[in-house]
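Chains, contacts and geometry: an overview
These are the residues of each chain, in order.
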Amino acid sequence: MKKILIVGAGLTGCVVARELAEYGGYSIDVIELRPHIGGNCHTERCPDTGIMQHIHGPHIFHTNNKEAWEYVNKFAEFIPFINRVMATTSAGIFSMPINLLTINQYFRRKMSPSEAKDFLASQCIKFEGEPNNFEEQALATIGPDLYENFFKSYTVKQWGCQPDALSAEIFKRIPIRYTYDDNYFTDAYQGIPKFGYTEMMGRMLDHTNIKVAVNTPFDHSIVKGYYSIVYTGSIDKYFDYQYGRLGYRTVYFKKRIAEGNYLGNGVMNFCEDSLHTRIHEHKWFSPWERHESTVVFTEFSKETSVIDTPYYPKRLANDLAILQLYNDLAKTLYPRMRFAGRLGTYRYVSMHEVVDSSIALARSLRRNL
Ligand code: UDP
């Protein structure tokens, strides 16, 4: 048996571990710093109300890739779930992502899809060449009015910098629709595991060739004796920040328990000037359950210090220059050492992308080991 060490029991670590275990011929040790597996997808029932909480913020699995959908369904019963997000703005509460209902209600019009498209096109700002940052992308797609009301303040709060410093790709994550479709995502397969993500990942790791140790920090001395290592922690931390720290935003939550129904929805974004970015009400992520009380998380965003959990890679120009230096160092350790996942690759990825890339990584390890 070839011994493999996987650092981190988040979605990346769990999928890679499971895939290698299924191939046979590998003995896999997974170590995890936190007291539980699941990474930032961790779900846990509230001890007071029994409501399943998405501890690090709402996670809805969505993909167009049938293989990835079938893959996660092997480990959990997924219940179809459509994320319908509401947005509080200074002009009122609207449906998000911006769709025909949002446009008609916001501008107090009764436009058809093609009229709305022409109308917004007339509002948009044209740039020479491709828009090359978040703000330009937004102004070129929806114009200044919707940008200012729905995106500008939220983005400054979320990312802690002006939107013109951010990549246009971040804006492109959200669709703009000229239909009444208010589904936050566009993928063919969308759902939430009935008993939460942590239970699903526990099943992934439940294999005779996988050993899991939680409360176990990574130490460089433990790699001795392993044939290959998959490291899913932050790449800058692995190299002891020798070229400096990569920029991440972290989020934190203020939890409150109440009776009945607080928001009337799973997520409310706050696009106006407030300290918080979102409020989530967790029982709506398990609508197949019935709860009299409710658990509400108010979400705030801030810069990540060494003691905080990194969430969102900022990928500003300076970060990408530092990342290049770490990636060059990582190449000197390749192929024995692989950096993977959101933190290991310093990429802003959704769960389905993690599943796809982790299956691919396991295949590549198998070919090369
Ligand atoms: N965004 C915004 N207003 C909203 C929702 C999103 O300004 O009501 C911006 C924000 O900068 C966010 C980006 O659009 O980071 C992408 O949105 P998405 O929902 O994909 O972000 P996530 O919550 O996954 O970071």
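Residues numbered from 1 in each chain as written. Predicted model: local features only at pLDDT ≥ 70, side-chain atom pairs only at ≥ 80, totals over all residues. Heavy atoms only, no water.

**As for the site of the ligand**
Around the ligand, the surrounding shell holds 16 residues, and the nearest of these are Thr 155, Arg 173, Tyr 184, Asn 269 and Tyr 348. At 3.3 Å, a side-chain N or O of Tyr 312 approaches an oxygen atom of the ligand. In isolation the ligand has 510 Å² of accessible area, and contact with the protein removes 93% of it. Ranked by residues supplied to the shell around the ligand, first place goes to helix α6 (residues 143-159) with six residues. Among the residues forming the shell around the ligand, the class breakdown is twelve nonpolar, three polar and one charged. (Near = heavy atom within 4 Å. Polar contact = N/O pair within 3.5 Å; in protein donor to acceptor, adjacent residues only side chain to side chain. Areas by Shrake-Rupley, 256 points an atom, 1.4 Å probe, with all protein chains shown as cover. Helix = DSSP H or I, 4+ residues; strand = E, 2+ residues; numbered from the N terminus. Nonpolar A, V, L, I, M, F, W, Y, C, P; charged D, E, K, R; others polar.)

**Re the nonpolar core**
Within the largest apolar cluster, 81 residues are counted, with the highest numbers of intra-cluster contacts made by Leu 11, Ile 28, Phe 151 and Met 200. The next biggest cluster of nonpolar side chains, apart from the first, holds 20 residues, and it includes Leu 246, Tyr 248, Leu 323 and Tyr 346. (Core = buried A, V, L, I, M, F, W, Y, C linked by side-chain atoms within 4.5 Å. Buried < 20%, exposed > 50% of the residue type's maximum accessible area, 1.4 Å probe, protein only.)

**Re the side chain of His 42**
Secondary-structure assignment places His 42 in the loop between β2 (26-31) and β3 (43-45). Accessibility expressed as a relative area gives 5% for His 42, which makes it buried. Excluding residues that lie within four positions of it along the chain, His 42 makes contacts with His 36, Ile 37, Gln 53, His 54, Ile 55, His 56 and Thr 198. (Contact = heavy atoms within 4.5 Å.)

**Some words on unusual backbone geometry**
Looking along the chain, the bond that leaves Met 96 and enters Pro 97 is cis, with omega of 5°. Relative to the elements of secondary structure, Pro 97 occurs in the loop between β8 (92-96) and α3 (100-106). In this structure, the amide linkage connecting Tyr 334 to the following residue, Pro 335, adopts the cis form with an omega of 5°. Checked against the element boundaries, Pro 335 lands in the loop between α10 (317-333) and β17 (337-339). Positive phi, close to 50°, is recorded for Arg 108, a residue that is not glycine. Checked against the element boundaries, Arg 108 lands in the loop between α3 and α4 (113-123).

Function cannot be inferred from these measures alone, as they are strictly geometric.
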